[in-house]
Amino acid sequence: MSAAPPLVHLVGAGPGDPDLLTVKALRLIQSADVVVYDRLVGEGILELIPPGTARISVGKESGRHLLPQSEINDLLVSLARPDRRVVRLKGGDPFVFGRGGEEALYLAQYGIAVEVVPGITAASGCAAMAGIPLTHRDVARGVRLITGHFSEDQALEMDWRSLADPSCTLVVYMGIATIGLIAAGLMGAGLDPATPVAVIERGTSGASRSFRGVLDGIKAEIDARGVQPPALIIIGKVVDLALAAELAEAPLPDAVLGL
Ligand SMILES: C[S@@+](CC[C@H](N)C(=O)[O-])C[C@H]1O[C@@H](n2cnc3c(N)ncnc32)[C@H](O)[C@@H]1O
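This is a predicted model, so every value here is computed, not measured. (Residues numbered from 1 in each chain as written. Predicted model: local features only at pLDDT ≥ 70, side-chain atom pairs only at ≥ 80, totals over all residues. Heavy atoms only, no water.)

J.: Looking at this model, I keep getting lost on the overall build of the protein. Mind explaining?
T.: Looking only at helices and strands, the protein has nine helices and twelve strands in total. For the protein, whose C-alpha radius of gyration is 20 Å, the value lies close to the compact-globule estimate of 18 Å for 259 residues. Referenced to the eigenvectors of the C-alpha coordinate spread, the extents of the protein come out at roughly 65 × 40 × 35 Å. Pairs at least 24 residues apart make up 69% of the contacts formed inside the protein by residues separated by at least 6 positions. Summed over all atoms, the accessible surface of the protein reaches about 13100 Å², with 54% contributed by carbon and sulfur. (Helix = DSSP H or I, 4+ residues; strand = E, 2+ residues; numbered from the N terminus. Rg over C-alpha atoms; globule rule 2.2 N^0.38 Å. Contact = heavy atoms within 4.5 Å. Areas by Shrake-Rupley, 256 points an atom, 1.4 Å probe, with all protein chains shown as cover.)

Following this line, the structure appears as structure tokens:
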């Protein structure tokens, strides 16, 4: 009988709060031989790794890669052995702007099996914390997750016409540096400059901050408040439904509540 192939567990750690880990993620973290983790994985989650377990940080710091992606891929290949439990721990969900797909495909090329364990992505975690439903009957019939991150030599090319849909919530990951361009693109394609926007910094962690504004002027507000990554930007009418005190504005109109 042939031996089982080596296996790497690609595990989502959620947005920061350790209570938002899945039970499966917790079991794997606590039974791992080695945990390879990103900077976005919060301290509270790292504390759940047993003291004797090897841990390797491969995250980014202030935009500076501690380890380039190609080296992370090779590291995972070198660690994977049939008799070793390797947990690759990533912030949020591994398959949402997490390069989990790249790692899984690379491992597959070497005959290494991959188990993907989903995590709560920042959009879900931050929206829940803020009390903002990402979709809501008669307010938003869909939600789109986009990245605002582009390398310096790349133009910010987006299909603004399709993104400027007032019936769809737009969630921008990694958009703090490019929000001026994003807001201009959306307004240029016809999205109302008064569209509400929520900005959530370090959502679900003890150090989270959030505020709301409108599309026209959100860059100035973000700059004035000195918002730092990781932060998430939620654009759309659903922001008017926010329950969190620092985001809630006027009492909700009966029409929105369906009364
Ligand atoms: C490389 S992406 C990783 C996303 C992750 N895989 C996920 O599913 O949430 C990093 C970006 O996610 C967003 N993000 C992640 N965690 C966050 C948090 N706790 N609060 C706000 N934004 C967060 C920020 O936009 C950050 O720049």
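On we go.
J.: Please explain the pattern of salt bridges as it appears in this structure.
T.: With the rule as written, the count across this model stands at eleven salt bridges. Here D240 ties to R212 by a salt bridge, and the two come within 2.7 Å at their closest N and O atoms. With D240 in the loop between strand 12 (231–235) and helix 9 (254–257) and R212 in strand 11 (residues 209–214), this pair connects stretches of sequence that are 28 residues apart. Exposure remark for D240: the relative accessible area of 36% places this residue in the partly exposed category. The network of salt bridges with shared partners includes D38, R88, K90 and E103. (Salt bridge = Lys/Arg side-chain N within 4 Å of Asp/Glu carboxyl O. Buried < 20%, exposed > 50% of the residue type's maximum accessible area, 1.4 Å probe, protein only.)

J.: Explain the sheet that holds strand 6 (residues 86–90) to me, please; I cannot follow it from the model alone.
T.: In any sheet, the strands associate via hydrogen bonds between backbone groups, in a parallel or an antiparallel arrangement. The strand order across the open sheet formed by five strands is 3-2-6-1-7, and the pairing between neighbours is parallel. Taken across any chain shown, the strands that pair with only one partner, and hence form the sheet edges, are strand 3 (54–57) and strand 7 (113–117). Neighbour-to-neighbour, the strand axes of this sheet turn through a mean angle of 20 degrees, independent of strand direction. Of the strand pairs in this sheet, strand 1 (residues 7–12) and strand 6 are connected by five bridges, and their pairing is parallel. Residue pairing for strand 6: V11 is matched across the bridge by L89. Along the sheet, helix 1 (residues 23–31) contacts strand 1, strand 6 and strand 7; its crossing angle with strand 7, the most-contacted strand, is approximately 130 degrees. (Pairing = 2+ DSSP bridges. Axes fitted to C-alpha atoms, helices over the stretch in contact; angles between N-to-C directions.)

J.: I'm lost on the site of the ligand in this one. Help?
T.: In the neighbourhood of the ligand, 19 residues make up the surrounding shell, with V96, T121, M174, G203 and A231 lying closest. One of the backbone nitrogen or oxygen atoms of A122 is found 2.8 Å away from an oxygen atom of the ligand. For the ligand, the protein covers 91% of the area, taking 560 Å² as the surface of the free molecule. Of all the secondary-structure elements, those providing two or more residues to the shell around the ligand are helix 5 (122–130) and strand 12. Here the shell around the ligand is built from residues that sort into twelve nonpolar, five polar and two charged. Two domains each donate at least three residues to the shell around the ligand, and these are domain 1 (7–117) and domain 2 (122–257). (Near = heavy atom within 4 Å. Polar contact = N/O pair within 3.5 Å; in protein donor to acceptor, adjacent residues only side chain to side chain. Nonpolar A, V, L, I, M, F, W, Y, C, P; charged D, E, K, R; others polar. Domains from an automatic or database assignment.)

J.: In this structure, what is going on with the domain arrangement of the protein? I would like to understand it.
T.: By the assigned domains, the protein splits into domain 1 (7–117) and domain 2 (122–257). Inter-centroid distance (C-alpha atoms) of domain 1 to domain 2 is 28 Å. Taken together, the seven residues of domain 1 in the interface contact ten residues of domain 2. Across the domain 1/domain 2 interface, buried area totals approximately 680 Å², and carbon plus sulfur atoms make up 73% of it. The largest per-residue losses of area from domain 1 upon contact with domain 2 belong to P15, V96 and F97, which jointly make up 64% of the total buried on that side. (Buried area = accessible area lost by both parts, 1.4 Å probe.)

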